[in-house]
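An overview of the molecular structure
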Amino acid sequence: MTAWEGIAYGFGVALQPDVLIYCLLGVTLGTFIGVLPGIGAMAAISLLLPITFYISPEAALIMLAGVYYGAQYGGAVASILLRLPGTPQSAVTTLDGYPMAQQGRAGVALFVSMASSFIGSILGIIVLVVLAGWLSRAATAFGAADYAAMMILGLVAASTIGSDRPVKGFAMVVLGMILGCVGTDVNSGAQRFTFARTELLDGINLVALAMGLFGVAEVIGNIRNAERQAAPERVGFRQMMPTRDDLRRIPFPALRGTALGSFFGALPGTGSTLSSFLSYAMERRVARRPERFGKGAIEGVAGPEAANNAASITAFVPTLTLGIPGDPIMALMLGALVIHGVQPGPMMLEARPEMFWGLVVSFGIGNLLLLILNMPLIGIWVSMLRIPFRYLYPAILIFVCLGVYSVRGSSFDMGVVAVVGIAGYLMALARFSPALLLLGFVLGPLIETNLRRAMLISRGDPMVFLERPIACGFTIATCLLILLSIWQVWRRRHG
Amino acid sequence: MQRDWADIWGGAVLALVGAGVALHAGLRLDFGTLRAMGPGFFPVTLGVLLLLMGAGIALPALKRGAEPVIFRWLDAGAVIAAILIFGLGMGRLGVALACFLAVIVASVPAPHGGWLWRVLLAVAVTLLVWVVFILGLRMGLPVWPRFG
């Protein structure tokens, strides 16, 4: 199938009325969650996971993806109006977005963030189509050792890049991989860490784990913090009109941000938060008067917002073509697909075209919906920020319970949610990343399977990781990353 | 400033978990060889890795200061209690009563006085759950308490 045929086919999938409704539901809910500070896309996707069991896999993927990129749009709203990032990806938007709001230009800042988000997403879709086609052809040459080496690189990159305490991140990844071992071993049938509980034979329930780590833990941590925020000023459609000079400043930062975001989004382990920070740094560097940054420079909003949206689209490249999630949110998506019996990999473009092309077209439709809904409805989203958290969180908890219960009606899973919730709250307090734990949980079993297969094929010779050119490249990159992060820690301590 | 208790305790717990996992898997599961790895190979390796990293987090933290971390017992306790009341009580208490009680309990740590809004919120959430999940999604759950 050529790209044009694929897109035509994708329109047939994405324009079905029910799929369209789930797409709309996903982006609306994503924007809502993104607007609310303290609750991220991870919590929203975990909350929606149980609902997806009742719908077709392509509708499920389209809805969950809509939550993700919808949250990128919504995240900017709280960043600009309250200097509270609605999502980590939009943290950098506070740097220039909030000063703009203080100067009475909140509406323009919101316009800039939406326009550049849209540019980033649409160009990101093109990059996704090109890269996915190319990578799924290249991936037929991938062997077990190559997969294992690539996933290890992804885990190391996710825990070291942009982290000031890489060892804490890596410990969380390892803990997640250990939790991923629980259940029946696929190769030998041996039971591992099941403690004679039949509920654990299939492993720890992904929905219960994600709900506890993100839904429950985020609620506990925000009961007090979220209450202290000041009410934002009202913003309407009319305040969003930019001047000619504002408009002139959007395209080039947005294009540079898109390039950065597309690249880092597709790399495993880096993702949209990093690319938004890099884009901000780049805009400062190329600016003729960098002293304007931090005081309401439009470029400081346009670049990062385009970058994080482009990255959230291209993050689907490794997930869909190799079956390897590059960041924790993609790990959750992959988990959802596996529950639906869809195993993403190099064959997916051929074998399940409705999933891939339906998703690609739904990206375009969803982003268009976001643009035409959010511009006129911005007043409603801003007023969402006035809802006190105390009215929201008890309802969130009830939805968490009903969601977990609906999976298989198990009270054991309810206990898992409670225990994991406390653990997640403690982890957040002590600054251990629960997102990396989830990434390890999903990738761990995949790494184990491929590692065992690779060792069997190579007759126990670990040199296979250096002899195969693809695996060798990933192994060298992994070693370089580890050395780099050791050097950074050493320099901080002795510098 | 006080000692970096978060990292000391966090690292110590991780090291203990790692040691426990490695021991448990090492004693009960077949380790295998590098060529034919048994079910114990991966867990033992990961357990040892976690033990080392936990030590690597906790030991340097002994000499370091950090902002104290406040664990909010009331917030955590109320949220967990609400989950258990609703999650485990749904079947016996019925969705209506379990949901009402859980919302009341969950709302206790909210920094806003008065009981009227708590009761109104509980009624509203219960109604919402009834409309969406019982009427809308037709989840097969008892609505009212079962006696006897």
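The structure presented is a predicted model; accordingly, all values stated were derived computationally and were not measured.

1. Things to note about the overall build of chain A
Secondary structure summary: chain A contains 22 helices and two strands in total. The C-alpha atoms of chain A give a radius of gyration of 22 Å, which matches the 23 Å a tight globule of 495 residues would have. Across the 495 residues that make up chain A, the buried fraction comes to 60%. For chain A, the share of sequence-separated contacts (at least 6 apart) that also reach a separation of at least 24 residues comes to 78%.

2. As for the overall build of chain B
Of the regular secondary structure elements, chain B holds five helices and two strands. Secondary structure elements of chain B, listed N to C terminal, follow the sequence β-α-α-β-α-α-α. The C-alpha atoms of chain B give a radius of gyration of 24 Å, which is well past the 15 Å a tight globule of 148 residues would have. Here the C-alpha coordinates of chain B stretch approximately 55 × 50 × 30 Å along the principal axes. For chain B, the residues scored as buried account for 38% of the 148 residues in total. Taking the intrachain contacts of chain B between residues at least 6 apart in sequence as the baseline, contacts between residues at least 24 apart amount to 65%.

3. Regarding the UniProt feature "transmembrane region" (unreviewed entry) in chain B
Residues and elements named next belong to chain B. If you check UniProt for "transmembrane region" (unreviewed entry), the listed places come out as residues 7-29, 41-62, 74-103 and 115-137 in our numbering. Helix makes up 95% of residues 41-62 and strand 0%. Its end C-alpha atoms lie 32 Å apart. Taken end to end, residues 74-103 comprises 97% helix and 0% strand; its first and last C-alpha atoms sit 15 Å apart.

4. A word on the UniProt feature "domain: DUF1468" (unreviewed entry) in chain B
Per the UniProt record, "domain: DUF1468" (unreviewed entry) is found at residues 9-142 of chain B. Helix makes up 72% of residues 9-142 of chain B and strand 1%. Its end C-alpha atoms lie 44 Å apart.

5. Things to note about the environment of A:T2
Residue and element names in this part refer to chain A. Secondary-structure assignment places T2 in the segment before α1 (3-14). Judged by C-beta crowding, with 8 C-beta atoms within 10 Å, T2 ranks as exposed. Sequence-wise, T2 and V404 are 402 residues apart; in three dimensions their C-alpha atoms are separated by 41 Å.

6. Description of the interface of chain B and chain A
Facing the 53 residues of chain B at the interface are 48 residues of chain A. At the level of secondary structure, the elements contributing two or more residues to the side of chain B that touches chain A comprise α1 (5-28), α2 (41-61), α3 (73-93), α4 (95-107) and α5 (116-136) of chain B. Element by element, the count of residues in the side of chain B that touches chain A is highest for α3(B), at 11 residues. Looking at the side of chain B that touches chain A residue by residue, the classes come out as 40 nonpolar, nine polar and four charged.

7. What to know about the packing of helix α18 (residues 389-408) of chain A against α5(B)
Helix-helix packing: each pair is described by the crossing angle between the helix axes and the interaxial distance. The contact between α18(A) and α5(B) brings their axes to 10 Å, and the two run at 35°. Regarding α18(A) and α5(B), the two cross each other, and that crossing is right-handed. Contacts between α18(A) and α5(B) involve A:Y391, A:P394, A:A395, A:I398 and A:L402 from the former and B:L121, B:V125, B:L128, B:V129 and B:F133 from the latter. By residue class, the composition of the contact of α18(A) with α5(B) is 10 nonpolar, no polar and no charged.

8. What to know about the packing of helix α4 (residues 57-82) of chain A against helix α13 (residues 299-314) of chain A
Residues and elements named next belong to chain A. It is the contact of α4 with α13, at a shortest axis distance of 9 Å, that shows an interaxial angle of 170°. Overall, the two elements α4 and α13 adopt an arrangement that is roughly antiparallel. Here α4 and α13 pass one another in a crossing that is right-handed. Contacts between α4 and α13 involve Y68, Y69, Q72 and A76 on the former and, on the latter, E305, N308, N309, S312 and I313. Along the lines of polarity and charge, the residues of the contact of α4 with α13 split into four nonpolar, four polar and one charged.

9. Re helix α12 (residues 272-286) of chain A
All names here are of chain A. In this model, α12 (15 residues) spans 21 Å end to end at C-alpha, consistent with the 21 Å of a helix rising 1.5 Å per residue. Three or more residues of α12 are buried, namely S272, T273, L274, S275, S276, L278, S279, Y280 and E283. Tucked inside the fold, the buried residues of α12 contact α5 (94-102), α11 (251-266) and α13.

10. A few points about unusual backbone geometry
Among all residues save glycine, negative phi is the norm, and among peptide bonds the norm is trans. All names here are of chain A. Here the phi dihedral of F195 falls at roughly 50°; this positive angle occurs in a residue that is not glycine. Along the chain, the position of F195 falls in the loop between β2 (191-192) and α9 (206-225). With phi around 60°, A196 is a residue other than glycine that occupies positive phi space. On the secondary structure map, A196 appears in the loop between β2 and α9. The exposure class assigned to A196 is exposed, which follows from the 7 C-beta atoms found within 10 Å.

Parameters and conventions
Residues numbered from 1 in each chain as written. Chains lettered and ligands numbered in written order. Predicted model: local features only at pLDDT ≥ 70, side-chain atom pairs only at ≥ 80, totals over all residues. Helix = DSSP H or I, 4+ residues; strand = E, 2+ residues; numbered from the N terminus. Rg over C-alpha atoms; globule rule 2.2 N^0.38 Å. Buried ≥ 20, exposed ≤ 12 C-beta atoms within 10 Å, placed from the backbone. Contact = placed C-beta atoms within 7 Å. UniProt positions renumbered as here; feature names shortened; annotations may be inferred. Nonpolar A, V, L, I, M, F, W, Y, C, P; charged D, E, K, R; others polar. Axes fitted to C-alpha atoms, helices over the stretch in contact; angles between N-to-C directions. Left-handed = near helix turned anticlockwise from the far one by under 90°. Parallel < 35°, antiparallel > 145°, perpendicular 65-115°, else oblique. Expected span 1.5 Å × (residues − 1).

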